[in-house]
Amino acid sequence: MISLTVATLGMLASIAPFGAIPPLVARPGSAGPASSRRLLWSACAVALAILCGSALVADRVLDALNVSSPTFQMAAGALAAPHAARLLLTGSGMPPGRMQGNALEWIVPVATPLLAGPASVPIAVSYGARFGEGTTIVATVFAVAVSGSLVTAGARFQDRAGHGVISILGRLSGVVLAVVALELAIDSTRSI
């Protein structure tokens, strides 16, 4: 049960739903709310497939690369650190100007790199090797569903409460992701 909780919180922190709200709300050419919800849930489905696929192939990828699980876990923590820093500094998971309106916007940049990106994919691989595929997939499904719901509600909340509240929540997401990155690094050094 503890491993499922750690994996769920880690995946939720790596997706950083509050950091995804500002770039999605500021998306140029944003159609109506119904279109935005469809875009978001399509992106969540793609992100879920990427993250669950990463967890499923974790052991095979690490074996093929001849990398131990603790070593990769350390790397996953290091890869999450820049995303945590961006969230801490800006409250947003993506730099301004990266969200463009196009036919595949629900894949790039929403599904990846915003939801399934340089922090969440390595963490999914690390958790797949550390906690097992099943635990990581259950945690990922829950984290993506919660993230999709938070982002959908957060866009409406930002309209009412203002950008400042969402920015603070995005920065708090950065703090949580930094803690997850540190936990990955500490646990990997204990395992070596």
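Residues numbered from 1 in each chain as written. Predicted model: local features only at pLDDT ≥ 70, side-chain atom pairs only at ≥ 80, totals over all residues. Heavy atoms only, no water.

## Details of the overall build of the chain
In terms of regular secondary structure, the chain is built from nine helices and zero strands. Listed by position from the N terminus, the elements making up the chain come as α-α-α-α-α-α-α-α-α. Across the 192 residues of the chain, 43% fall into the buried class. Put simply, of all contacts in the chain between residues at least 6 apart along the chain, 88% involve residues at least 24 apart. If you sum the accessible surface of the chain, you get close to 8,800 Å²; carbon and sulfur atoms cover 70% of it. (Helix = DSSP H or I, 4+ residues; strand = E, 2+ residues; numbered from the N terminus. Buried < 20%, exposed > 50% of the residue type's maximum accessible area, 1.4 Å probe, protein only. Contact = heavy atoms within 4.5 Å. Areas by Shrake-Rupley, 256 points an atom, 1.4 Å probe, with all protein chains shown as cover.)

## Side note on the pattern of salt bridges
Using the criterion set out here, one finds two salt bridges in the structure. Across the salt bridge formed by R130 and E183, the nearest N and O atoms sit 2.6 Å from each other. Here the residue R130 occupies a position in helix α7 (residues 120-131), and E183 occupies one in helix α9 (residues 163-191), the gap between them amounting to 53 residues. Judged by relative accessible area, which is 26%, E183 ranks as partly exposed. (Salt bridge = Lys/Arg side-chain N within 4 Å of Asp/Glu carboxyl O.)

## Thoughts on helix α5 (residues 69-90)
Compared with an ideal rise of 1.5 Å per residue, which puts 22 residues at 32 Å, α5 spans 32 Å between its outermost C-alpha atoms and is within 8% of the ideal. Along its length, α5 shows its largest kink, about 25°, at A81, and proline P82 lies within four residues downstream of that point. When α5 is considered as a whole, its buried residues turn out to be P70, F72, Q73, A76, G77, A80, H83, A84 and L87. Turning to α5, the residues buried within the fold contact α1 (2-15), α2 (17-25), α4 (58-65), α7 and α9. In the segment just after α5, G91 is the residue with positive phi, at about 80°. (Expected span 1.5 Å × (residues − 1). Bend = angle between axes of the 7 residues up to and from the residue.)

## Considerations on the side chain of S14
Along the chain, the position of S14 falls in helix α1. At a separation of 2.9 Å, a polar atom in the side chain of S14 contacts the main-chain carbonyl oxygen of M11. (Polar contact = N/O pair within 3.5 Å; in protein donor to acceptor, adjacent residues only side chain to side chain.)

## Some words on empty space enclosed by the protein
One pass over the full model with this rule turns up one cavity of 30 Å³ or more. A volume near 30 Å³ is recorded for the largest cavity. It is helix α6 (residues 106-115) that contributes the most residues to the lining of the largest cavity, three residues altogether. When the residues that make up the lining of the largest cavity are grouped by side-chain class, the tally is five nonpolar, four polar and no charged. (1 Å grid on protein atoms, 1.4 Å probe; cavity = no way out; pocket = protein on both sides within 12 Å on 5 of 7 lines; lining within 4 Å. Points joined across faces, edges and corners; volume = space filled by probe spheres on them. Nonpolar A, V, L, I, M, F, W, Y, C, P; charged D, E, K, R; others polar.)

## With respect to the environment of L12
With respect to the secondary-structure elements, L12 resides in helix α1. Along the chain, L12 and S120 lie 108 residues apart, while their C-alpha atoms are 8.7 Å from each other. When sequence neighbours within four positions are dropped, the list of residues in contact with L12 reads P17, A143, V146 and S147.

## Observations regarding the layout of surface pockets
In this model, the second largest pocket occupies a volume close to 210 Å³. Along its surface, the second largest pocket is lined by 11 residues, and H83, R86, G93, P113 and P118 are the ones closest to its centre. Considering every element that reaches the lining of the second largest pocket, the biggest residue donor is α5, with four residues. Of the residues that constitute the lining of the second largest pocket, the class distribution is seven nonpolar, two polar and two charged.

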